[in-house]
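Notes for the structure review
Chain by chain, the residues run as shown.
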Amino acid sequence: MTPESARPHLDIFEPVAAALRDRKPVVALESTIITHGMPYPQNAAMAARVEEIVREEGAVPATIAVIEGRLKIGLSDGEREALAKEAGALKLSRADLAYAIAERRTGGTTVAATMIAAALSGIEVFATGGIGGVHKGAETTFDVSADLDELARTPVIVVSAGAKAILDIEKTLEVLETKGVPVVGYGTDVMPAFWSSRSRFRAPLRLDTPQAIARFQSARRDLGIGGGMLIANPVPAEAEIPEAEMAGFIAAAQADAAAKGVSGKEVTPYLLGRILELTDGRSVVTNIALVENNARLAARIATALA
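Residues numbered from 1 in each chain as written. Predicted model: local features only at pLDDT ≥ 70, side-chain atom pairs only at ≥ 80, totals over all residues. Heavy atoms only, no water.

Where an unreviewed UniProt entry is consulted, the protein appears under the name Pseudouridine-5'-phosphate glycosidase, with the organism given as Aquibium oceanicum. Check the Function (unreviewed entry) section of the UniProt entry for the protein; it says "Catalyzes the reversible cleavage of pseudouridine 5'-phosphate (PsiMP) to ribose 5-phosphate and uracil. Functions biologically in the cleavage direction, as part of a pseudouridine degradation pathway." Its UniProt record gives the protein a comment under Sequence similarities (unreviewed entry), which states: "Belongs to the pseudouridine-5'-phosphate glycosidase family." (UniProt positions renumbered as here; feature names shortened; annotations may be inferred.)

This is the structure we're talking about:
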């Protein structure tokens, strides 16, 4: 149930509110993939299709964003289309979510901010593309995503294709282990690497059905174990770009970012944009496929929980 203190800032889209009242399955969806992940009109078409996939699986989609200072839990078609066209949208995480609300700004929510909003409104499952994590060279830059702390503290199941492959996957797994976050390979013993279905790193845990994931979450809740859970769902093999091939594109993009002095929040969107150019558009096709795949699994998990 939404805390009273949060209610003045939230607009819960009526289909989402009705589903929550009736304890029907709901899936939260982030919005930085719309505002910062790909260009218009691909972003708008992708967002609409992902919502439709959630509905096809019997759940209700709740795309989360901040629009003119209102924290939206679910968007109308018009709001989603306007957000896809918004040129000045902020990229919002835990540190600046309340800032955007206080200053009546518009922004897309990252994994961390979407988890906060989902938990505030009583949504247990969230589908995204890939989580943030430990950036390569973090031992000197200290560049570690707030997504990892959020996974440790906020009780939401996050379905992703693993950490974004531009990150240091090994160190990301180490940090998640330290923070006590369960990382579950869905139907796989190895971690996916976002655009690639396999990486060099083992998945700490493995489960093969949405029902098994729901049982695991229920047991955690019964034991009073807080925080979230990360489900690593490999991109379908027919849509992947193999890891060895992606490694060359990523290295070239990172070299370009270093040469231009790109840093902080700008690193990830820059790298994703540069990789799009280097792959001649293949990366965005794979990105769409993995987001759709994650939405489908998230809806099935939400249904099993409900």
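Attention now moves to the UniProt feature "active site" (unreviewed entry) in the protein. UniProt feature "active site" (unreviewed entry): in the numbering of this structure it lies at Glu 30 and Lys 164. Restricting the annotated residues to those that line the largest cavity leaves Glu 30. Along the chain, Glu 30 falls in the loop between strand S2 (26-29) and helix H2 (32-37). We classify Glu 30 as buried; its relative accessible area is 10%. Those residues in contact with Glu 30 that lie beyond four places of it in its chain are Thr 63, Ile 64, Thr 109, Thr 114, Phe 126, Ala 127, Thr 128 and Gly 129. Separated by 2.6 Å, the side chains of Glu 30 and Thr 32 make a polar contact. For Lys 164, the location among the structural elements is in the loop between strand S8 (157-160) and helix H9 (169-178). Not counting the four nearest positions on each side in its chain, Lys 164 is found in contact with Gly 130, Ile 131, Gly 132, Phe 194, Thr 268 and Leu 272. (1 Å grid on protein atoms, 1.4 Å probe; cavity = no way out; pocket = protein on both sides within 12 Å on 5 of 7 lines; lining within 4 Å. Helix = DSSP H or I, 4+ residues; strand = E, 2+ residues; numbered from the N terminus. Buried < 20%, exposed > 50% of the residue type's maximum accessible area, 1.4 Å probe, protein only. Contact = heavy atoms within 4.5 Å. Polar contact = N/O pair within 3.5 Å; in protein donor to acceptor, adjacent residues only side chain to side chain.)

Moving on: the nonpolar core. Grouped together as the largest cluster of nonpolar side chains are 96 residues, with contacts concentrated most on Val 27, Met 46, Leu 71, Ile 73, Ile 131, Trp 195 and Ile 231. Leave out the neighbours within four places in its chain, and Ile 73 touches Leu 10, Asp 11, Ile 12, Phe 13, Val 16, Ala 62, Thr 63, Ile 64, Ala 117, Ser 121 and Ile 123. (Core = buried A, V, L, I, M, F, W, Y, C linked by side-chain atoms within 4.5 Å.)

According to UniProt, the positions carrying the feature "binding site: substrate" (unreviewed entry) are Lys 91, Val 111, Ser 145, Ala 146 and Asp 147. Separation in sequence by 57 residues is not matched in space for these annotated residues, since their most distant C-alpha atoms are only 13.1 Å apart. Tracing the backbone shows Val 111 in helix H6 (residues 111-121). Sequence-distant contacts of Val 111, that is, excluding residues within four places in its chain, are made with Phe 126, Thr 128, Gly 130, Ile 131 and Asp 147. Structurally, the position occupied by Ala 146 is in helix H8 (residues 146-153). Judged by its relative accessible area of 33%, Ala 146 is partly exposed. With residues near it in sequence (within four places) discarded, Ala 146 still touches Ser 93 and Ala 112.

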